[in-house]
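Structural features, examined
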Amino acid sequence: QVQLVESGGGLVQTGGSLRLSCAASGGTLSTYAMAWFRQAPGKEREFVARLSYYVDSVKGRFTMSRDNAKNTVYLQMNSLKPEDTAVYYCAAVSIFRVNRGRPLSADGMDYWGKGTLVTVFS
């Protein structure tokens, strides 16, 4: 039904910035809660951000936004650290299944992008 495509990943030096994009098709963005997850090799997939909640490790550095007219959400990442290195995934779930202001579980998400790799060096 819903298809998600991430872009914007790449190689960046510690302290640098990247902006990730997630373009959605096959659905109306405003009817879904959107979120960003990340996964490093050997690690579990980790919730990073939704519009109403950020994990402490990225709070103040990452900012999520959405453009319903473009069916696109973004993740602006500033002051990047080596520990931010991971594949970043965009995910979606119906807004009627979740509440605002709380982290989301990967197990509860219904749609996933294929991911975009972010590598932070030094």
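Above this note sits the structure.
Attention here is on the structure that accompanies the text. Just so it is clear, the model here is predicted, and its values are computed rather than measured. (Residues numbered from 1 in each chain as written. Predicted model: local features only at pLDDT ≥ 70, side-chain atom pairs only at ≥ 80, totals over all residues. Heavy atoms only, no water.)

1. Let's talk about the overall build of the protein chain
- When you go through the protein chain residue by residue, the secondary structure sums to 0 helices and 11 strands.
- Moving toward the C terminus, one meets the helices and strands of the protein chain in the order β-β-β-β-β-β-β-β-β-β-β.
- In terms of overall dimensions, the protein chain is globule-like: its C-alpha atoms have a radius of gyration of 13 Å, near the 14 Å expected for 122 residues.
- In terms of overall dimensions, the protein chain has a C-alpha envelope of 40 × 25 × 25 Å along the principal axes.
- Evaluated residue by residue, the protein chain yields a buried proportion of 42% over its 122 residues.
- Long-range contacts, defined as pairs at least 24 residues apart, comprise 63% of the intrachain contacts of the protein chain with a sequence gap of at least 6.
- By element, 48% of the accessible surface of the protein chain is carried by carbon and sulfur atoms, the whole surface being about 6,500 Å².
- Counting 14 positive and 9 negative side-chain charges, the protein chain places the averaged centre of each group 5 Å from the other. (Helix = DSSP H or I, 4+ residues; strand = E, 2+ residues; numbered from the N terminus. Rg over C-alpha atoms; globule rule 2.2 N^0.38 Å. Buried < 20%, exposed > 50% of the residue type's maximum accessible area, 1.4 Å probe, protein only. Contact = heavy atoms within 4.5 Å. Areas by Shrake-Rupley, 256 points an atom, 1.4 Å probe, with all protein chains shown as cover. Lys, Arg positive; Asp, Glu negative; His and termini not counted. Charge placed at Lys NZ, Arg CZ, Asp CG, Glu CD.)

2. Regarding the state of the cysteines
- According to the stated counting rule, one finds 1 disulfide in the structure shown.
- Between the sulfur atoms of cysteine 22 and its disulfide mate cysteine 90 the distance is 2.1 Å. As the torsion about the S-S bond is roughly -75°, the cysteine 22-cysteine 90 disulfide counts as left-handed. Taken together, the positions of cysteine 22 in strand S3 (residues 18-25) and cysteine 90 in strand S9 (residues 86-94) put the pair 68 residues apart, joining distant regions of the chain. Both residues of the pair, cysteine 22 and cysteine 90, belong to the buried class. (Disulfide = S-S within 2.5 Å.)

3. So, the nonpolar core
- Judged by nonpolar contacts, the single largest core of 37 residues is most densely connected at Leu4, Met34, Trp36, Leu75 and Met77.
- At the level of elements, S3, strand S4 (32-39), strand S5 (46-50), strand S7 (62-67), strand S8 (72-77), S9 and strand S11 (116-121) are the ones that each hand at least two residues to this core.
- Sequence-distant contacts of leucine 4, defined by excluding residues within four places in its chain, comprise Cys22, Ala23, Ala24, Met34, Cys90, Ala91, Ala92, Tyr111, Trp112, Gly113 and Lys114. (Core = buried A, V, L, I, M, F, W, Y, C linked by side-chain atoms within 4.5 Å.)

4. Describing the pattern of salt bridges
- Evaluation of the coordinates by the stated rule reveals 5 salt bridges.
- Residue aspartate 84 is joined to arginine 61 by a salt bridge in which the shortest nitrogen-to-oxygen separation is 2.8 Å. Here aspartate 84, found in the loop between S8 and S9, pairs with arginine 61, found in the loop between strand S6 (53-54) and S7; they are 23 residues apart in sequence, far enough to count as distant.
- Residue arginine 61 is classed as buried on the basis of its relative accessible area, which comes to 11%.
- Linking arginine 97 and aspartate 110 is a salt bridge whose minimum nitrogen-to-oxygen distance equals 2.7 Å. One end of the pair, arginine 97, is in the loop between S9 and strand S10 (111-112); the other, aspartate 110, is in the loop between S9 and S10, with 13 residues separating them in the sequence.
- Look at arginine 97 and you get exposed, because its relative accessible area is 53%.
- Overall, the relative accessible area of 39% leaves aspartate 110 in the partly exposed class.
- When salt bridges with common partners are traced through the structure, they connect Arg38, Glu46, Arg61 and Asp84 into a single cluster. (Salt bridge = Lys/Arg side-chain N within 4 Å of Asp/Glu carboxyl O.)

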